[in-house]
Amino acid sequence: MTIKTRNGSLLIFSIIAIASFLIHGGLFVWASFNDTIFQPQSPIRIYEFNLGGIFSYSFTTSIVAILVLAFLAPLLSLAVFRGFEKTQSLEIVFFIGILASLLMESVRIYIPYYGLWKSYSKSLAYIGKIIIGARLLFPLSLFFAQLFHAQEHNQNAERNLALLFVLTSLIAFFYPVNSGIITTSNTVLWGLRKFFITARVLIMMTTFVSMLIEGYNTGIKANYTKALGALAFFFGHLILSSADSVFTLAAGLIVFLAGCMIYLKSIHYIRNTWN
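Treat the numbers as computed from the prediction; the structure is a model and nothing was measured. (Residues numbered from 1 in each chain as written. Predicted model: local features only at pLDDT ≥ 70, side-chain atom pairs only at ≥ 80, totals over all residues. Heavy atoms only, no water.)

## Some thoughts on the overall build of the protein
Argument step 1. Counting its secondary structure elements, the protein contains eight helices and two strands.
Argument step 2. Each principal axis of the C-alpha atoms in the protein carries an extent, and together these give about 55 × 35 × 35 Å.
Argument step 3. Expressed as a percentage of the 275 residues in the protein, the buried residues total 50%.
Argument step 4. Counting contacts in the protein only where the partners sit at least 6 residues apart, residues at least 24 apart contribute 79% of the total.
Argument step 5. Counting only carbon and sulfur atoms, one obtains 70% of the accessible surface of the protein, whose full area is about 12800 Å². (Helix = DSSP H or I, 4+ residues; strand = E, 2+ residues; numbered from the N terminus. Buried < 20%, exposed > 50% of the residue type's maximum accessible area, 1.4 Å probe, protein only. Contact = heavy atoms within 4.5 Å. Areas by Shrake-Rupley, 256 points an atom, 1.4 Å probe, with all protein chains shown as cover.)

Quick look at the structure:
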């Protein structure tokens, strides 16, 4: 994939992401004024703190978290486009998968609209599967970026990116969801929860170890920094995507942005210094 093709893809995605954020933001404002946003009754909280205060469940905070993720998609897309406009990096090709996962998270906002959670419609199941895809796409994108970032994979970049999306889509399509149970982060409950979270963490830890090994083999210390950044990036997303309190929203956003910045700066340094 050429830099021109990659930049074009990022620019197109930025336009789509901006339009999506404006649509979701506009719908939220419109629904708020018309009182058509309904808080789910007795939602299940996946991670219970029982500490009160800023740790308590807040429906408003869960909505804000969704809008934050929707805003981060175009923001990061434009930032990567400008920052890597003249830098050849296959990691940035797979960063498109990360951006797509952020954009996909925004569909959660439709669950409280018009009380969609009250029904057992197929729409809830579809939303659940989209979220499964989003949650899986994030660590897999980091994994693919590490696996296929060498220049010898440049000719197959489009194929590998397509493989990433096809693999994620297939898993999400067949993964079981329970549309009868709504969580505090405004999504439906999916089956095999412990297995799903463990699989995501294992994918990320495999990526992390691979980055450390690369740093050891190449002697480039920036790879260690990249590994730490990627790890923080992942766990920041893990917290932010499930944020339902002031604490988890703030903590997730801080760790997410810090990890993202370290990860991208490390890639930029390595590609412009050692290539």
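## Some words on helix 6 (residues 193–218)
Argument step 1. For helix 6, which comprises 26 residues, the first-to-last C-alpha distance of 38 Å matches the rise-based estimate of 38 Å (1.5 Å per residue) to within 8%.
Argument step 2. Looking only at helix 6, the buried set comprises Phe 196, Arg 200, Ile 203, Met 204, Thr 207, Phe 208, Met 211, Glu 214 and Gly 215.
Argument step 3. Buried residues in helix 6 make contact with helix 4 (122–147), strand 2 (188–190), helix 7 (222–240) and helix 8 (246–273).
Argument step 4. Gly 219 lies just past helix 6 and shows a positive phi near 75 degrees. (Expected span 1.5 Å × (residues − 1).)

## Structural notes on the pattern of salt bridges
Argument step 1. If you walk through the whole model with that rule in mind, you get five salt bridges.
Argument step 2. Residues Arg 108 and Glu 105 are paired through a salt bridge, measuring 2.9 Å at the closest nitrogen-oxygen approach. The exposure classification of Arg 108 matches that of Glu 105, with both residues buried.
Argument step 3. Each of Glu 91, Glu 214, Lys 226 and Arg 271 takes part in a single network of salt bridges with overlapping partners. (Salt bridge = Lys/Arg side-chain N within 4 Å of Asp/Glu carboxyl O.)

## Some words on the packing of aromatic side chains
Argument step 1. Here the structure, examined in full by the defined rule, presents 14 aromatic pairs.
Argument step 2. With 6.1 Å between their ring centres and 15 degrees between their planes, Phe 95 and Phe 233 make a pair best called stacked. Of the two residues, Phe 95 sits in helix 3 (residues 90–105) while Phe 233 sits in helix 7, which places them 138 residues apart along the sequence. Phe 233 matches Phe 95 in its accessibility class, with the two residues each being buried.
Argument step 3. Feature note: the residues Phe 95, Phe 138, Phe 233, Phe 256 and Tyr 263 constitute an aromatic cluster, connected by ring pairs. (Phe/Tyr/Trp six-rings, centres within 6.5 Å; stacked < 30°, edge-to-face > 60°.)

## What about the pairing of strand 1 (residues 177–182)?
Along a regular strand, successive side chains alternate from one face of the sheet to the other.
Argument step 1. The pairing of strand 1 with strand 2 spans three bridges and is classified as antiparallel. Of the residues in strand 2, the one forming a bridge with Asn 178 is Leu 189.
Argument step 2. Where strand 1 folds back on strand 2, the antiparallel hairpin that results is connected by five residues, among which Asn 186 adopts a positive phi of roughly 60 degrees. (Pairing = 2+ DSSP bridges.)

## Regarding the packing of helix 7 against helix 8
Argument step 1. Remark: helix 7 packs on helix 8, axes separated minimally by 7 Å, with the N-to-C direction vectors making an angle of 150 degrees. Taken together, the axes of helix 7 and helix 8 are roughly antiparallel relative to one another. Taken as a pair, helix 7 and helix 8 cross one another with a handedness that is left-handed. (Axes fitted to C-alpha atoms, helices over the stretch in contact; angles between N-to-C directions. Parallel < 35°, antiparallel > 145°, perpendicular 65-115°, else oblique. Left-handed = near helix turned anticlockwise from the far one by under 90°.)

## A short note on the nonpolar core
Argument step 1. Grouped together as the largest cluster of nonpolar side chains are 64 residues, with contacts concentrated most on Phe 95, Leu 142, Phe 233, Phe 256, Tyr 263 and Leu 264.
Argument step 2. Beyond its immediate chain neighbours, meaning those up to four positions away, Tyr 263 contacts Glu 91, Phe 95, Leu 142, Ala 145, Met 211, Lys 226, Gly 229, Ala 230 and Phe 233. (Core = buried A, V, L, I, M, F, W, Y, C linked by side-chain atoms within 4.5 Å.)

## A few points about the environment of Ile 12
Argument step 1. As for its position among the elements, Ile 12 is in helix 1 (residues 3–33).
Argument step 2. Ile 12 sits 78 residues away from Leu 90 along the chain, and the two C-alpha atoms are 18 Å apart.

In short, the description is geometric, and any link to function would need to be established separately.
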